[in-house]
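Structure assessment
The chain contents come next:
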Amino acid sequence: MSSRGARLHGGGGPRRHRGDDMSGGTPVRLEPYEVALLRGGSRAAVTVAVLALHLRGLIDVGRPGRIRASAVAPSEGTENALPVLPAAVRAALQRPMSVAELEARPEVREALAGVRAGLVAAGMLRSLPPRRTRAARRALSALLVEHPLPPLPADRKGLSADDTLLAVALHGESALNILAARFALRAGLTARAEVADKGFHRRAPRGGGTGGGSYVSCGGGSGGGTD
């Protein structure tokens, strides 16, 4: 898997490029958390932002299901280089909290609103009601073909951070369980499997997971379907 093929960038919103076929033939380039928002809504986008911070060593897991800022000071310029949503997530971590609590923080909600506005301007989302456009569905379909679910851990040596983030953005919990299983479970990003008297079942995570569905909720808790 190559993140170059996804045309990812380091800025704060979609940019034009050759490749993904957007509305009116206008191509854009997407951050992993933008792909995640289109696929699975706000929670999926915040999950990818949390994983991005983890891969940079900027956050830790406290007690199970609680994320905290890393005790290790980031290197000079690291925070300034963060995209808008990961930067907002890290700024919100004044204390340990769950993914659900992070998603509800004002600075994170503001960053999510900015991401949605950029996607609306790029023709990827409709604002009322919030839903993906046909162009966004085509773009996601193309990315899924180009970037299938990664192989098992034994076969994924050399996978870059960008590739990891894009895989989780596209495939949700299925990719987390392959690429960052231990962190995702401890951080409450994936469901915890338990063995009980009545058999094997899964318990919903404290902080909520990304899920594996293709629905999209682009409006801070409001449902959004596809057309």
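Residues numbered from 1 in each chain as written. Predicted model: local features only at pLDDT ≥ 70, side-chain atom pairs only at ≥ 80, totals over all residues. Heavy atoms only, no water.

Check the secondary structure of the chain and you find nine helices and eight strands. Every one of the 227 residues in the chain was classed for burial, and the buried ones make up 47%. Counted over contacts in the chain with a minimum sequence separation of 6, partners at least 24 positions apart contribute 60%. Carbon and sulfur atoms make up 51% of the accessible area of the chain, which totals about 10,800 Å². (Helix = DSSP H or I, 4+ residues; strand = E, 2+ residues; numbered from the N terminus. Buried < 20%, exposed > 50% of the residue type's maximum accessible area, 1.4 Å probe, protein only. Contact = heavy atoms within 4.5 Å. Areas by Shrake-Rupley, 256 points an atom, 1.4 Å probe, with all protein chains shown as cover.)

This next bit is on the nonpolar core. V50, L85 and V89 are the most contacted members of the largest nonpolar core, which totals 55 residues. With nine residues, helix α2 (residues 42–55) is the largest single contributor of residues to this core. Contacts of V89, omitting those with residues within four sequence positions, involve V46, A49, V50, L53, L102 and V108. (Core = buried A, V, L, I, M, F, W, Y, C linked by side-chain atoms within 4.5 Å.)

Looking now at helix α6 (residues 134–146). In this model, α6 (13 residues) spans 18 Å end to end at C-alpha, consistent with the 18 Å of a helix rising 1.5 Å per residue. Among the residues making up α6, those that are buried are A135, A136, A139, L140 and L143. Along the axis of α6, the buried residues cluster in a sector spanning 135°; they form a single face. Turned more than 90 degrees off the buried face of α6, the exposed positions are R134 and V145. The inward-facing, buried residues of α6 contact α1 (32–40), β4 (131–132) and α7 (161–171). (Expected span 1.5 Å × (residues − 1). Arc of directions from axis to C-beta.)

Mapped onto the fold, T190 is located in the loop between α9 (181–187) and β5 (192–196). A residue is classified by how much of its surface remains accessible, and T190, at 2% relative accessible area, is buried. Residues T190 and E173 lie 17 residues apart in sequence; the distance between their C-alpha atoms is 6.2 Å.

Locating A122 in the fold gives a position in the loop between α5 (106–121) and β3 (125–126). Considering only alpha carbons, one finds A122 and A136, 14 residues apart in sequence, at a separation of 9.7 Å.

Attention now goes to the pattern of salt bridges. Overall, the coordinates contain three salt bridges when judged by the stated rule. A salt bridge links R66 to E101, with the nearest nitrogen and oxygen atoms 2.9 Å apart. Placement of R66 in the loop between β1 (59–61) and β2 (67–69) and of E101 in helix α4 (residues 99–104) is noted, with a sequence separation of 35 residues between them. Overall, R66 belongs to the buried group, its relative accessible area being 16%. (Salt bridge = Lys/Arg side-chain N within 4 Å of Asp/Glu carboxyl O.)

Before going further, it helps to spend a moment on the packing of α2 against α5. Here α2 crosses α5 at 110°, and the two axes come no closer than 11 Å. Classed by the angle they form, the pair α2 and α5 counts as roughly perpendicular. Contacts between α2 and α5 involve S42, A45 and V46 from the former and V108, L112 and R116 from the latter. Looking at the contact of α2 with α5 residue by residue, the classes come out as four nonpolar, one polar and one charged. (Axes fitted to C-alpha atoms, helices over the stretch in contact; angles between N-to-C directions. Parallel < 35°, antiparallel > 145°, perpendicular 65-115°, else oblique. Nonpolar A, V, L, I, M, F, W, Y, C, P; charged D, E, K, R; others polar.)

Packing of helix α3 (residues 84–92) against α5 leaves a shortest axis separation of 8 Å and a crossing angle of 175°. Classified by the angle between their axes, α3 and α5 sit roughly antiparallel to one another. Contacts from V84, L85, A88, V89, A91 and A92 in α3 reach E107, V108, A111, L112 and V115 in α5. Residues that form the contact of α3 with α5 fall into these classes: 10 nonpolar, no polar and one charged.

Along an α-helix, residues three or four positions apart point the same way, because every turn accommodates 3.6 residues. With 14 residues, α2 extends 20 Å from end C-alpha to end C-alpha; this agrees with the ideal 20 Å at 1.5 Å per step. The buried fraction of α2 is high, at 11 of 14 residues. Listed as buried for α2 are S42, A44, A45, V46, T47, V48, A49, V50, L51, A52 and L53. Once α2 ends, the next one or two residues include G57, with phi positive near 75°.

With that settled, consider the confidence of the model for the chain. When pLDDT is averaged across the chain, the result is 78; 66% of the residues are at 70 or more. The low-confidence segment residues 15–26, where pLDDT is below 50, has 33 contacts with residues more than four positions distant or belonging to other chains. Scored below 50 in pLDDT, residues 193–217 makes 66 contacts in the model with residues more than four places away or belonging to other chains. (pLDDT = per-residue confidence, 0-100.)

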